[in-house]
Structures are given as structure tokens and as C-alpha cells.
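As a plain string of letters, each chain reads:
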Amino acid sequence: HHTIMDPPTNEELPGLKVTIKILQARNLVSKDYNVIGRSTKTSDPYIRVAIGGKALGKTITRPKTLDPIFNQSFEYTLTEEDAKMIMSEEEELFLELEIWDEDRHTRDDPMGFLQIPITFQTANPVWYQVGKGDENHQIC
């Protein structure tokens, strides 16, 4: 979320630092299985964070949970191209969140995807629906 009181002008946007805070997720999809193939009803989630396709990093992995608490921040400085997209009527700049289940012995499993348009309005933390899953899979 962001707490800018007055929206910046087009000239002020390039160089503006944006802070993204990933608080938590809840009711995520179970992706882990035991050695005999039964669901453990858990996952080891982490989130990859990007803006406009530019990777900012990933959260730490929270083992054996479907309701992880992350409380991690990522910073990004807006470019001139980003500013044009934010101010454009035709284009949007998105915060992209990919939720993954970490696996030790195989490839990590995708759990969900979320795109949030970047706008400038005062906001408190907001819950968002994850990917194409059911309405209970959320991230804040």
C-alpha cells in the first residue's frame, strides 16, 4: 500500500521511490505431499515481487503453512517510462506477485498470480484475490 496524500505530478513521478509491503496471505492452496502421495494440507509459500516485469526480489519461504505472514518490504524507483504508463489512459503499470511453493527435491510449484495496477491514492492495507483460484485465496 502507499500513503501519498497528494498525487504527484507527471514531472515528479520519475525518481519517486515506491515501497511495496507484503504483509501476509491466507487460505492458500495446499501443494505438499508426503512420500506416499497424500496431501499434507500444507505448502511452503514464498512470493516473487516485480513491477512492470522488473524483478524486485522474493519473500522468505514460510514452511508448512497456508496462512503465511511475511511482513517484508521492497523498494522501487519509478523510471520515466513507468511515469508515462501510470499517467496514461491506455496503459497501466502493474505490481506483479507470483506465489510459489518451495520444494527441496523437485521444481517449485506455482500457487497463484496477482497483478495490481499502480495508482496514487491514499490506501490502507487491502486484501486481494489470488489468480484464478477460489475467492478464499487472498494476499494482503
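Now for a look at the structure at hand. (Residues numbered from 1 in each chain as written. Predicted model: local features only at pLDDT ≥ 70, side-chain atom pairs only at ≥ 80, totals over all residues. Heavy atoms only, no water.)

### Here we look at the pattern of salt bridges
Then step 1. Evaluated as defined, the whole model comprises three salt bridges.
Then step 2. One salt bridge connects Glu 75 with Lys 17, and the closest N-O pair in it is separated by 3.6 Å. Pair noted here: Glu 75 is in strand β4 (residues 69-77) and Lys 17 is in strand β1 (residues 17-26), with a separation of 58 residues, a long-range link.
Then step 3. By relative accessible area, Lys 17 is classed as exposed at 52%.
Then step 4. Here Asp 82 makes a salt bridge to Lys 54, at a shortest N to O gap of 3.1 Å. Of this pair, Asp 82 sits in helix α1 (residues 80-87) while Lys 54 sits in strand β3 (residues 54-58); the two residues are 28 residues apart in sequence, bridging distant segments of the chain. (Salt bridge = Lys/Arg side-chain N within 4 Å of Asp/Glu carboxyl O. Helix = DSSP H or I, 4+ residues; strand = E, 2+ residues; numbered from the N terminus. Buried < 20%, exposed > 50% of the residue type's maximum accessible area, 1.4 Å probe, protein only.)

### Here's the deal with a negative patch on the surface
Then step 1. Together, Glu 81, Glu 89, Glu 90 and Glu 91 make up a negatively charged patch on the protein surface.
Then step 2. Take Glu 81: it is sitting in helix α1. (Patch = residues over 30% accessible without salt bridge, like charges linked within 9 Å, V, L, I, M, F, W, Y side chains within 5 Å. Areas by Shrake-Rupley, 256 points an atom, 1.4 Å probe, with all protein chains shown as cover. Lys, Arg positive; Asp, Glu negative; His and termini not counted. Charge placed at Lys NZ, Arg CZ, Asp CG, Glu CD.)

### Section: the side chain of Glu 96
Then step 1. Note on placement: Glu 96 falls in strand β5 (residues 94-101).
Then step 2. We note that Glu 96 is buried and unpaired, the nearest opposite charge coming from Lys 54 at a distance of 9.2 Å.
Then step 3. Other than its neighbours up to four places away in sequence, Glu 96 contacts Arg 48, Val 49, Ala 50, Ile 51, Gly 52, Gly 53, Phe 113, Leu 114 and Gln 115. (Contact = heavy atoms within 4.5 Å.)

### Structural notes on the sheet that holds strand β6 (residues 109-117)
Then step 1. Ordered by their spatial adjacency, four strands build an open sheet running β3-β2-β5-β6, and the pairing between neighbours is antiparallel. Of all strands in the sheet, those with a lone pairing partner are β3 and β6, marking the two edges. In this sheet, neighbouring strand axes are inclined to one another by 20° on average, regardless of whether the strands run parallel or antiparallel.
Then step 2. Sheet analysis places strand β2 (residues 45-51) next to β3, joined by four bridges and oriented antiparallel. The residue of β3 that forms the bridge with Ala 50 is Ala 55. (Pairing = 2+ DSSP bridges. Axes fitted to C-alpha atoms, helices over the stretch in contact; angles between N-to-C directions.)

### Remarks on the nonpolar core
Note on soluble globular proteins: their nonpolar side chains tend to be buried together.
Then step 1. Ile 22, Leu 95 and Leu 97 are the most contacted members of the largest nonpolar core, which totals 25 residues.
Then step 2. Secondary structure elements with two or more residues in this core: β1, β2, β4, α1, β5 and β6.
Then step 3. The element best represented in this core is β1, accounting for four residues.
Then step 4. Among all residues touching Leu 95, those that are not within four sequence positions of it are Ile 20, Val 49, Ala 50, Ile 51, Leu 114, Gln 115, Ile 116 and Ile 118. (Core = buried A, V, L, I, M, F, W, Y, C linked by side-chain atoms within 4.5 Å.)

### A short note on the environment of Glu 92
Then step 1. Following the sequence through the fold, Glu 92 ends up in the loop between α1 and β5.
Then step 2. Under the relative-accessibility criterion, Glu 92 is labelled partly exposed at 44%.
Then step 3. Here the alpha-carbon distance between Glu 92 and Thr 119, two residues 27 residues apart in the chain, equals 8.9 Å.

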